[in-house]
Amino acid sequence: MSDRHGTEAPDRATPPEDSPTRGRLVAIDAARGLALIGLTAIHFLPASDEETHEPTWSWILFAGDSAALFALLAGVGLAFGSGGRTRRQGQLMTAARVGVAVRALLIAAVGMSIGYLMPEDPPAVNILVYYGVFFLLTIPFLHLRPVTLVMCAMLFGVVAPVLMQILRGRLPESTAYNPTFNDVVTDPGATAAQLLLTGTYPALPYMTYLLTGLALGRLNLRNVQVQTSLVLIGAGFAAFAYLSSYVLLYIAEGYHQLLPSVPEQSEEVVDEILVWGTDEGLPTSTGWWLAVTTPHANMPLAIAWSLGIGLAVLGTFLLLARTMGPWLLPLSAMGAMTLTLYSAQLVLLSFELHYDQPEIWFLAYLLLAALFAVGWQRAFGQGPFERLVSMAAKGAGRAAVGNRTRLDPH
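For clarity, every value in this text was computed on a predicted model and none was experimentally measured. (Residues numbered from 1 in each chain as written. Predicted model: local features only at pLDDT ≥ 70, side-chain atom pairs only at ≥ 80, totals over all residues. Heavy atoms only, no water.)

1. A few points about the packing of aromatic side chains
Inference 1: What the rule picks out here adds up to 16 aromatic pairs.
Inference 2: Relative to phenylalanine 134, the ring of tyrosine 131 has its centre 5.3 Å away and its plane inclined at 50°; by these criteria the two rings are tilted. On the criterion of helical spacing, the pair formed by tyrosine 131 and phenylalanine 134 is a turn pair, its members being three residues apart in helix 5 (residues 128-138). No difference in accessibility class separates tyrosine 131 from phenylalanine 134, as the two residues are buried.
Inference 3: Ring-pair connections join several aromatic residues into one group, and the members of that group are Tyr130, Tyr131, Phe134, Phe135, Tyr201, Tyr206 and Tyr209. (Phe/Tyr/Trp six-rings, centres within 6.5 Å; stacked < 30°, edge-to-face > 60°. Helix = DSSP H or I, 4+ residues; strand = E, 2+ residues; numbered from the N terminus. Buried < 20%, exposed > 50% of the residue type's maximum accessible area, 1.4 Å probe, protein only.)

Structure follows, in structure tokens:
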């Protein structure tokens, strides 16, 4: 079973060396590095066992959650890039907004360019185009306080899935798993619907992760109480989502309400959807599908589960980095240049060479990615794509305020 779900690894805003956020980036980059490993496992390794047809360890551990973790960490990066705990004001915030917009357009352009390399039935869905939309939608929220951001995140987490279910049958169908420039020009309505609501990484529900990350980036992430709270709150969120889904489906008889919405009212079909999801989106004939936690379902409890996992992972790495920072180097180096490494991974996948020996390709990619990331970081600092995007974003921000304002307040 080829996967089209576990992608994503875009760029991040990087503070200068003397910034108070610099130490925190070791943990955040390491968490992003783990997410890269997760999506690599999803892309290269089988999702189901050939004999038992049960989900493999890679699917159980990483499906859906790696994408959510990347989005959460992207929000944290956006917070750092717009002032961290001290939100930028006036021209500084204007420059930050312009920089985010340029960053979004460049990441989307890279994604759409890679889309031309992908076959019609691709081995992976390219999240970079979606990331461009994520960043653009986040721009109006950059100035908000953490509490307000969390409230907005919760609103997106509830309202967006409902909109997905209500509007799915009324929106135009997408023509390609990986949109290109041609799709944007020839079928803008379907492409917009795909990127916002009907695609694998729809931007509106994913705003829950972005805005939560943006709120976290405004907090004192050096504080051990904050770090511990992230682990506990994340674990609690995930447990709440799982238990709520179980109660609604199997104690409140919601499972039986799902049967009429699938072909032949088959329990086998429902069970497959609950494990694997569906490329066409969940059935819309009953609201009970809102109670599932299926990877990439983007329903409220599925979002709460992935958000909880992301918070717990981030908190864990923040705690580990207090004493084990140097030991996290391979992960943090890969996490510092995910745009470069993820783009390279998509290009490699486009050749479809990995199907016969997925384990070897998986291990080979990770080994080469770690060696390249550590070597490049020590020699040059930022990754190649990250440096280009950062230079363009900062240059646009300076141009927007006429080079009169120092953009980095640290």
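2. As for unusual backbone geometry
Inference 1: Non-glycine residue glutamate 253 carries a positive phi angle of around 70°.
Inference 2: By secondary structure assignment, the location of glutamate 253 is in the loop between helix 10 (224-251) and helix 11 (254-258).
Inference 3: Non-glycine residue glutamate 264 carries a positive phi angle of around 60°.
Inference 4: Note on glutamate 264: relative accessible area 79%, which makes it exposed.

3. Examining the confidence of the model for the chain
Inference 1: Mean pLDDT for the chain: 91, with 92% of residues reaching 70 or above.
Inference 2: Mean pLDDT in the chain bottoms out at helix 1 (residues 22-44), which sits at 90, and peaks at helix 9 (residues 203-216), which reaches 98.
Inference 3: When the criterion is pLDDT under 50, residues 1-21 qualifies, and its contacts beyond four places in sequence or with other chains add up to 87 contacts. (pLDDT = per-residue confidence, 0-100. Contact = heavy atoms within 4.5 Å.)

4. Notes on the packing of helix 10 against helix 13 (residues 300-324)
Inference 1: In contact at an axis separation of 7 Å, helix 10 and helix 13 are set at 155° when each is read in the N-to-C sense. Between helix 10 and helix 13, the crossing angle belongs to the class labelled roughly antiparallel. By crossing handedness, the relation of helix 10 to helix 13 is classed as left-handed.
Inference 2: When grouped by side-chain class, the residues that make up the contact of helix 10 with helix 13 number 21 nonpolar, eight polar and one charged. (Axes fitted to C-alpha atoms, helices over the stretch in contact; angles between N-to-C directions. Parallel < 35°, antiparallel > 145°, perpendicular 65-115°, else oblique. Left-handed = near helix turned anticlockwise from the far one by under 90°. Nonpolar A, V, L, I, M, F, W, Y, C, P; charged D, E, K, R; others polar.)

5. Considering the environment of glutamate 272
Inference 1: Among the structural elements, glutamate 272 can be located in helix 12 (residues 267-276).
Inference 2: The sequence separation of glutamate 272 and glycine 75 amounts to 197 residues, and the corresponding C-alpha distance is 32 Å.

6. Re a nonpolar patch on the surface
Inference 1: A contiguous nonpolar surface patch, about 630 Å² in accessible area, is contributed by Tyr242, Leu243, Tyr246, Val247, Tyr250 and Ile251.
Inference 2: On the secondary structure map, isoleucine 251 appears in helix 10. (Patch = residues over 30% accessible without salt bridge, like charges linked within 9 Å, V, L, I, M, F, W, Y side chains within 5 Å. Areas by Shrake-Rupley, 256 points an atom, 1.4 Å probe, with all protein chains shown as cover. Salt bridge = Lys/Arg side-chain N within 4 Å of Asp/Glu carboxyl O.)

7. Concerning the pattern of salt bridges
Inference 1: In total, this model carries one salt bridge according to the counting rule given.
Inference 2: When the shortest N-O distance is used, the salt bridge between arginine 32 and aspartate 29 registers 2.9 Å. Here arginine 32 and its partner aspartate 29 are both found in helix 1, three residues apart, which amounts to about one turn of the helix.

8. Section: the packing of helix 5 against helix 9
Inference 1: Between helix 5 and helix 9, whose axes approach to 10 Å, the crossing angle comes to 60°. Between helix 5 and helix 9, the crossing angle belongs to the class labelled oblique. Taken as a pair, helix 5 and helix 9 cross one another with a handedness that is right-handed. Only Ala203, Leu204, Tyr206, Met207, Leu210, Leu211 and Leu214 of helix 9 make contact with helix 5, whose side of the interface consists of Val133, Phe134, Phe135, Leu137 and Thr138.
Inference 2: A per-class count over the contact of helix 5 with helix 9 returns eleven nonpolar, one polar and no charged.

9. Side note on the nonpolar core
Inference 1: Grouped together as the largest cluster of nonpolar side chains are 93 residues, with contacts concentrated most on Tyr131, Phe134 and Phe135.
Inference 2: Element by element, the count of residues in this core is highest for helix 3 (residues 65-81), at twelve residues.
Inference 3: Grouped together as the second largest cluster of nonpolar side chains are 17 residues, Leu259, Trp289, Ala291 and Met299 included. (Core = buried A, V, L, I, M, F, W, Y, C linked by side-chain atoms within 4.5 Å.)

10. Description of helix 12
Inference 1: Taken residue by residue, helix 12 has Val270, Ile273, Leu274 and Trp276 as its buried positions.
Inference 2: Looking at the buried positions of helix 12, the neighbouring elements they touch are helix 2 (57-62), helix 10 and helix 11.
Inference 3: Where helix 12 begins, the capping side chain belongs to serine 266, and its oxygen is found 3.2 Å from the backbone nitrogen of glutamate 268. (Polar contact = N/O pair within 3.5 Å; in protein donor to acceptor, adjacent residues only side chain to side chain.)

11. A look at helix 16 (residues 358-380)
Inference 1: Under the 1.5 Å per step criterion, the end-to-end length of helix 16 is 32 Å for 23 residues, consistent within 8% with the ideal 33 Å.
Inference 2: Note on helix 16: the residue one or two positions beyond its end, glycine 381, has a positive phi of about 90°. (Expected span 1.5 Å × (residues − 1).)

12. Things to note about a negative patch on the surface
Inference 1: Together, Asp49, Glu50, Glu51 and Glu54 line one region of the surface with negative charge.
Inference 2: Within the secondary structure, glutamate 50 is located in the loop between helix 1 and helix 2. (Lys, Arg positive; Asp, Glu negative; His and termini not counted. Charge placed at Lys NZ, Arg CZ, Asp CG, Glu CD.)

13. Let's talk about the environment of alanine 291
Inference 1: By the secondary structure assignment, alanine 291 is in the loop between helix 12 and helix 13.
Inference 2: The exposure class assigned to alanine 291 is buried, which follows from its relative accessible area of 7%.
Inference 3: Along the primary structure alanine 291 and tyrosine 242 are separated by 49 residues, whereas in three dimensions their C-alpha atoms are 9.6 Å apart.
Inference 4: Sequence-distant contacts of alanine 291, defined by excluding residues within four places in its chain, comprise Ser245, Leu248, Leu249 and Leu301.

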